[in-house]
Amino acid sequence: MLPYSLNIGSKPQLFMKSIHNVLIIKTEWQEGEMKKMQRMTYLDCAKGVAIILVVLGHIDMGNNPLNNWIYSFHMPLFFVLSGMLMAYKNNCLSTGLWVNVKKRSVQLLYPYFTFSLITLIWLVVDQLKHGHADANFIIQVIIDTLSLDGYGAIWFLPALLMAEIFFLMIFRGHKRSILLVGCLVLLTSVSGMYLQVAIPLERDLLTTYLERFYNMFNRSLIGTVFIWFGYSLFGKLEKAATGANKPRLIILGIVMFVANFFLAQSNPSVDLHYSVLNNPVLYYVCALLGTVSTLLFFKFIIPNNRVLEYFGRNSMIIMGTQSIVPLTEISKNILGMTGMSFERYSYDVMICILSMIMNVVMIELINRFFPYILRRVPFREFTVNAG
């Protein structure tokens, strides 16, 4: 609904003046809406880069400079973007906690469980197809799913939900947020060092699951720190986005990108999934350098890119299908059939490109024929319309 009303006077002059005022207000309102949409596109582009880095990072899990750089910030970037979107909507801290929790639980847990169920069916069928069924493995996947630990990349969805709930609970009404963030950084750093030592050890079943729950709690608290950072950054970035500041911020982004890449080599093999931070100070520094440099790049250099926007808006589908359809293996087989040889990083990039092309097929299939997987259309309504 447009924020204006038409007031027709008794004289033609008043009527024409009212029409003129309506057109002016309508134009201003439309321009404001367009600016809001433009402001969102760079966030979608950044999310598109983040999900591409997820795919690229899963191609070669070894310890190499590219992976060290990717893992230093790609998952924190998702949490930062979540915080920025919360600031953009500007109502999460003013509305009731339960209202936000209920809304986000539906948005995140519904696709989490649908993708997890499809993954479980896929794993069972795949094992039966190869003539063996590992019951213990299937039971473990079920336990991981029900405990919200997740199987594969889908672990991120409940982690994001828990991080957002922690953010709303901890920072609602608190003005000394810096002190709280400092406490969270210290707590998660100590917990990360403990878990890095404890998780690989052979323990009894109860201790193992307690440590896994502790890891879920800890990685969500780490995500809370990044959500707070994104929430705080959004307004400052918008205010700084003036013509005079643009060249300086572009230069700052380049410096931060270079610093992030080289510092990441001093803190290799980090993994937010398992709360592996190695050097906690370097981890947080690299994560913030990587996320801010990415945001500055898309805010000031390439604010619009249809391909990245497309992947960003459909990142949940890409994340959810990572464990279902082996696109990476299919891409490797396709590339192998060509008989072409590539250097290491060129090979990874080619695999990533092929995987993303096939991801487009998955995205279109789900959006067009199975939208209820993401709850974009209720299943009952979908089946009625299909019939």
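Residues numbered from 1 in each chain as written. Predicted model: local features only at pLDDT ≥ 70, side-chain atom pairs only at ≥ 80, totals over all residues. Heavy atoms only, no water.

### A short note on the overall build of the protein
Thought 1: Tallying secondary structure elements over the protein gives 15 helices and zero strands in all.
Thought 2: The buried share of the protein, reckoned over its 387 residues, is 44%.
Thought 3: Put simply, of all contacts in the protein between residues at least 6 apart along the chain, 78% involve residues at least 24 apart.
Thought 4: When the accessible area of the protein is evaluated, it comes to approximately 20700 Å², of which 67% is carbon and sulfur surface. (Helix = DSSP H or I, 4+ residues; strand = E, 2+ residues; numbered from the N terminus. Buried < 20%, exposed > 50% of the residue type's maximum accessible area, 1.4 Å probe, protein only. Contact = heavy atoms within 4.5 Å. Areas by Shrake-Rupley, 256 points an atom, 1.4 Å probe, with all protein chains shown as cover.)

### A closer look at the nonpolar core
Thought 1: Membership of the largest hydrophobic core comes to 90 residues, with the highest contact counts inside it found for F79, F156 and L295.
Thought 2: Setting aside chain neighbours within four positions, we find L295 in contact with Y42, L43, A46, V80, L81, M84 and L233. (Core = buried A, V, L, I, M, F, W, Y, C linked by side-chain atoms within 4.5 Å.)

### Digging into the pattern of salt bridges
Thought 1: Under the counting rule described, the total for this entry stands at nine salt bridges.
Thought 2: For the salt bridge of R104 with E164, the shortest nitrogen-to-oxygen distance reads 2.7 Å. Here R104 is found in helix α4 (residues 97–129), whereas its partner E164 is found in helix α6 (residues 156–171), with 60 residues between them in sequence.
Thought 3: Taking the relative accessible area as the measure of exposure, R104 reaches 22% and is therefore partly exposed.
Thought 4: The shortest N-O distance in the salt bridge between R368 and E364 comes to 2.8 Å. With R368 and E364 both in helix α14 (residues 344–369), this residue pair falls four residues apart, about one helical turn.
Thought 5: By relative accessible area, R368 is classed as exposed at 62%.
Thought 6: Overall, E364 belongs to the partly exposed group, its relative accessible area being 26%.
Thought 7: Among the charged side chains, a network of salt bridges with common partners joins D144, D149, R212 and R219. (Salt bridge = Lys/Arg side-chain N within 4 Å of Asp/Glu carboxyl O.)

### Notes on the environment of S315
Thought 1: With respect to the element layout, S315 can be found in helix α12 (residues 315–321).
Thought 2: Residues S315 and K47, 268 residues apart in the sequence, show an inter-C-alpha distance of 7.4 Å.
Thought 3: A distance of 3.1 Å separates a polar atom in the side chain of S315 from the backbone oxygen of G312. (Polar contact = N/O pair within 3.5 Å; in protein donor to acceptor, adjacent residues only side chain to side chain.)

### Examining the packing of aromatic side chains
Thought 1: Overall, the coordinates contain 20 aromatic pairs when judged by the stated rule.
Thought 2: Aromatic pair W69 and F73: ring centres 5.2 Å apart, planes at 55 degrees, arrangement tilted.
Thought 3: For the ring pair F226 and Y283, a centre distance of 6.4 Å and an interplane angle of 65 degrees mean the geometry is edge-to-face. Taken together, the residues F226 in helix α8 (residues 205–240) and Y283 in helix α10 (residues 280–300) connect sequence positions 57 residues apart. Taken as a pair, F226 and Y283 share a single burial class, namely buried. (Phe/Tyr/Trp six-rings, centres within 6.5 Å; stacked < 30°, edge-to-face > 60°.)

### Some words on the layout of surface pockets
Thought 1: Considered as a void within the structure, the largest pocket measures approximately 1000 Å³ in volume.
Thought 2: What lines the largest pocket is a set of 38 residues, and nearest its centre among them are K47, L85, K89, R104 and Q107.
Thought 3: Residue assignment for the lining of the largest pocket shows that the elements contributing at least two residues are α1 (12–57), α3 (74–89), α4, α6, α11 (306–313) and α12.
Thought 4: Here the lining of the largest pocket gets eight residues from one element, more than from any other, and that element is α4.
Thought 5: Across the lining of the largest pocket, the residue classes break down as 21 nonpolar, eight polar and nine charged. (1 Å grid on protein atoms, 1.4 Å probe; cavity = no way out; pocket = protein on both sides within 12 Å on 5 of 7 lines; lining within 4 Å. Points joined across faces, edges and corners; volume = space filled by probe spheres on them. Nonpolar A, V, L, I, M, F, W, Y, C, P; charged D, E, K, R; others polar.)

### Details of the confidence of the model for the protein
Thought 1: Of all residues in the protein, 83% attain a pLDDT of 70 or more, and the chain-wide mean is 84.
Thought 2: Low pLDDT (under 50) marks residues 26–34, which in the prediction has five contacts with non-local residues, meaning those over four places away or in another chain.
Thought 3: Contacts for the low-pLDDT stretch residues 378–387, under 50 throughout, to residues beyond four places or in other chains number six contacts. (pLDDT = per-residue confidence, 0-100.)

### Concerning α3
Thought 1: Helix length check: α3 (16 residues) gives 23 Å between terminal C-alpha atoms against 22 Å at 1.5 Å per residue, within 8%.
Thought 2: Of the residues flanking the end of α3, it is N90, one or two places downstream, whose phi is positive at about 60 degrees. (Expected span 1.5 Å × (residues − 1).)

### Points about α6
Thought 1: With 16 residues, α6 should cover 22 Å at 1.5 Å per step; its first-to-last C-alpha distance of 22 Å lies within 8% of that length.
Thought 2: Taken across its 16 residues, α6 has 12 buried, putting it largely inside the fold.
Thought 3: The set of residues buried in α6 consists of F156, L157, P158, A159, L160, L161, A163, E164, F166, F167, L168 and F171.
Thought 4: Residues of α6 that are buried in the fold lie against α3, α4, α7 (177–198), α8 and α12.

### Observations regarding the environment of L282
Thought 1: Among the secondary structure elements, L282 is positioned in helix α10.
Thought 2: On a C-alpha basis, the gap between L282 and N260 in space is 9.6 Å, while along the polypeptide they are 22 residues apart.
Thought 3: When residues no more than four places from it in sequence are discounted, the contact partners of L282 are L263, S266 and N267.

### As for unusual backbone geometry
Thought 1: The phi dihedral of L148 is positive, around 70 degrees, even though this residue is not glycine.
Thought 2: Within the secondary structure, L148 sits in the loop between α5 (135–146) and α6.
Thought 3: The partly exposed category is assigned to L148, whose relative accessible area is 23%.
Thought 4: The phi angle at S275 is positive, at roughly 60 degrees, despite the residue not being glycine.
Thought 5: Position of S275 relative to the elements: it lies in the loop between α9 (246–264) and α10.
Thought 6: You can call S275 buried: its relative accessible area is 0%.

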